[in-house]
Amino acid sequence: MVRIHQALFIAFAGTIAAGSGIAPARTETNPKPLDTHLFHTLRRISSPVVSPDQSRALYTTSRYDPELNKEFSYLCLLDIASGSRTQLTPELLDGERISNPIWLGQGTAGYLAAGSLYQHGLSEQTNGTLLFNATVSIASVVYRPATKSLFFTAGVYPDGNISQMHEHVEKEKKRSDSAQVFDNLWARHWNKWMTITKTNLFAIPLDATESGNVAVGALGQEVNLMQKLAPIKDPLIRWNTEWYAVSDNGKYAAFVVRSPSLDMVWKTNVDIYMVATDGKSDPRLLTGRWEGAASSPAFSPDNRFLAWLQMETPGYESDINRIYIYDTKTGNARSIARTWTLSPQSILWSANSQQLHVLALDRGDRKLFSVNVHSGRVAEMSGYGHISTVARVGSDRLLALYSNVTESSNIQVLDIASANRNNNSSMAFMRRLTDINADRLQDVYLSEAEDFWFTGARNESVHGWLLRPFDFDEKKKYPMALLIHGGPQQGSSHSFGLSQWNPNMYASAGFVAVVINFHGSSGYGQNFTDSITEQWGGHPYKDLMNGVDYLLQKHAFIDSKRLVALGASYGGYMVNWINANSDRFAALVAHDGQFNVVSGYYTTDELWFVEHDVGGVPFTSMGRAKYDAYNPERLADKFKTPTLFVHGANDFRLTLEQSIAPWTLLRRKGIPARLVYFPDEDHWTNKPGNSVRWYNEVLAWIAQWTK
């Protein structure tokens, strides 16, 4: 086994006042900038999975090698008390990527690789051994020793039978044509066309002993827990799940499904069903009284209650998430914490089943909150930074995956008992257990975030932050890069993302990097989020322009003649709207944005989003007026700013034409414009090699126009 250096026990983040916006200071001697090559070699860490005795945790680490253009991953073991970390497996290539670690007893780990389940003895120094190969890729594995059951999801044909998959696949290969025929608008989603195979939830016997002997049932013994749902005539819109939970005693499962219906692209009806895991009874619909989206089911440790998040407004994908608790004994469901104005995004029960640990965006931070299941009282338990996930460690601690603007994601332990001991604050004490990029970031310049507030639309306060550029000198002037988030009902956070929008990448490239959470962003109360409805080019545009004005007035080191703006998705739409309404920017970058709101309606994969946000449909006179009100294409004659457009061929949310059209417009008008086209990407740039090229193109473009 490979022994990894001891953990750094650092008092950290959770002891900082909420919303302070100031992270622990970094000390650097002659730092170097965070360049594209270094950035893409940073390691990524998965959420930790705690052992049955609460003393250890499994997690995976992955990295990208730019020279080989390959990704590698491996399984790790963390001792929670000492912080000691052990690499259990050698690095595997991307095609065999290790994921979804689970415990198959105190001394045995399991993990997925290449769609199959492997087991690994923690004391061994070898690769894992194949445990379960279902002849079809499986995902989302969960083990419950109480019922000796393994749960997983897999894509199957309408008969719902895994053992018949090979026969179906072979029959499909013999087809004489490749036509796909659709009578339902639910024909594609995000980056894939609908197929006849759908993801179902299965259970199969698995017996694991403490001595490390593991036996899994043979194919044919699995039970499809969704098989007894009502039959759907159109196989292309059959029941499909992407999220489920299993009670600790293994007796019940709850799964999330989008309710199949005619032309379901304008409906947000996502339901939760509960079913006995023996497969003998029909699944029970728990959310039938709402037509909004349900998510995040979680069983209480005492196995009596099921909590979930529920949007109650039909057709609104960014409605506030309400917390519901279902009593499996009485069959009653109730909602708690209804006066809380933030929208929770995940749920974890406390060990005593009396509290819910939830994560929610709050003023630029993704924080941990505790919600009392009886009173609904909400207590804030963390401050600055971004907590991605949490897992229980006994009754008084949590493991969290945490990052902030200057620190990449790492595992932290949160002492939630300390919050109960502190009379002045409910904040939990945090300490870091891993530092997976310490060697790579040790002498790298990473700017702290400087938070600011200003008056925006509706005369309301709007929040943002800036990062100072590499080798900063207060007496000099610097170009500024305005980074505009997508959604639009999302919110930027004080996190260290490993995608294309890490503000420190722009700071290291010599720009003052600026982030603004305009009206419509989450984390500032639901009224603030809802305010963007029918205001796409209104309130957010005013916020961004007022924010730029505020910064230029406050900071003499920002050069007003060297401003650039960049955005993706809705942010790309806003870049096009800026091009039609302002000439203050030297250059623009629009990634998978929208140019024509009307044509975008007819070609997108989700109609509920645009119908709610813009207001109605464009094929009525009243609706068309709303679509035209903030349509950049309507103001095509006013476009004048050099723009770089980036688009993936497999983006079905905003199709390729939404970038080709404004690129054509600018080129035809004689205005410099460039199109970067990725034939193997979608709404995001996912492949590391493509991400390298993305940064090289974007940073070169904004540098060219701000010399």
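Since we're looking at a predicted model, the values are computed, not measured.

Enquirer: I would appreciate a short explanation of the overall build of the chain in the present structure.
Expert: The number of helices and strands found in the chain is 13 helices and 43 strands. Computed over C-alpha atoms, the radius of gyration of the chain comes to 26 Å, within 12% of the 27 Å expected from 2.2 N^0.38 for 707 residues, which places it in the range of a compact globule. Its C-alpha atoms give the chain principal-axis dimensions of about 70 × 60 × 55 Å. Each of the 707 residues in the chain was classed as buried or not, and the buried ones make up 59%. Of the roughly 28400 Å² of accessible surface on the chain, a fraction of 50% belongs to carbon and sulfur atoms. Distance between charge centroids for the chain: 2 Å, based on 66 positive and 69 negative side chains.

Enquirer: Please explain the side chain of Asn 321 as it appears in this structure.
Expert: Here Asn 321 shows up in the loop between strand S25 (305–310) and strand S26 (322–327). Looking at Asn 321, its side chain comes within polar contact range of the main-chain oxygen of Pro 344, at 3.0 Å. Filtering out sequence-adjacent residues up to four positions away, Asn 321 remains in contact with Ser 295, Leu 309, Gln 310, Met 311, Ser 343 and Pro 344.

Enquirer: I keep staring at the pairing of strand S5 (residues 56–65) and nothing clicks. Help me out?
Expert: Looking along a regular strand, one sees side chains alternate from face to face of the sheet. Burial analysis of S5 places eight of its 10 residues in the buried class, the great majority of the element. As defined by bridge partners, strand S4 (residues 49–50) adjoins S5 across two bridges and the pair is classed as antiparallel. For Val 49, the partnering residue across the bridge sits in S5 and is Leu 58. Here 10 bridges tie S5 to strand S6 (residues 70–79), and the two strands are oriented antiparallel to one another. Of the residues in S6, the one forming a bridge with Ser 62 is Ser 73. Linkage of S5 to S6, two consecutive antiparallel strands, is achieved through a turn of four residues, within which Asn 69 is found at a positive phi near 55°.

Enquirer: Please clarify how unusual backbone geometry should be interpreted in this entry.
Expert: Residues other than glycine predominantly adopt negative phi, and peptide bonds predominantly adopt the trans conformation. In this structure, the amide linkage connecting Gly 487 to the following residue, Pro 488, adopts the cis form with an omega of 0°. Mapped onto the secondary structure, Pro 488 falls in the loop between strand S38 (478–484) and helix H5 (503–508). With a phi angle near 60°, Trp 190 is a residue other than glycine that sits in the positive phi range. Topologically, Trp 190 is positioned in the loop between strand S15 (188–189) and strand S16 (192–193). For Trp 190, a relative accessible area of 29% puts it in the partly exposed group. Look at Glu 534: it is not a glycine, yet its phi comes out positive at around 60°. Under the relative-accessibility criterion, Glu 534 is labelled partly exposed at 37%.

Conventions adopted
Residues numbered from 1 in each chain as written. Predicted model: local features only at pLDDT ≥ 70, side-chain atom pairs only at ≥ 80, totals over all residues. Heavy atoms only, no water. Helix = DSSP H or I, 4+ residues; strand = E, 2+ residues; numbered from the N terminus. Rg over C-alpha atoms; globule rule 2.2 N^0.38 Å. Buried < 20%, exposed > 50% of the residue type's maximum accessible area, 1.4 Å probe, protein only. Areas by Shrake-Rupley, 256 points an atom, 1.4 Å probe, with all protein chains shown as cover. Lys, Arg positive; Asp, Glu negative; His and termini not counted. Charge placed at Lys NZ, Arg CZ, Asp CG, Glu CD. Polar contact = N/O pair within 3.5 Å; in protein donor to acceptor, adjacent residues only side chain to side chain. Contact = heavy atoms within 4.5 Å. Pairing = 2+ DSSP bridges.

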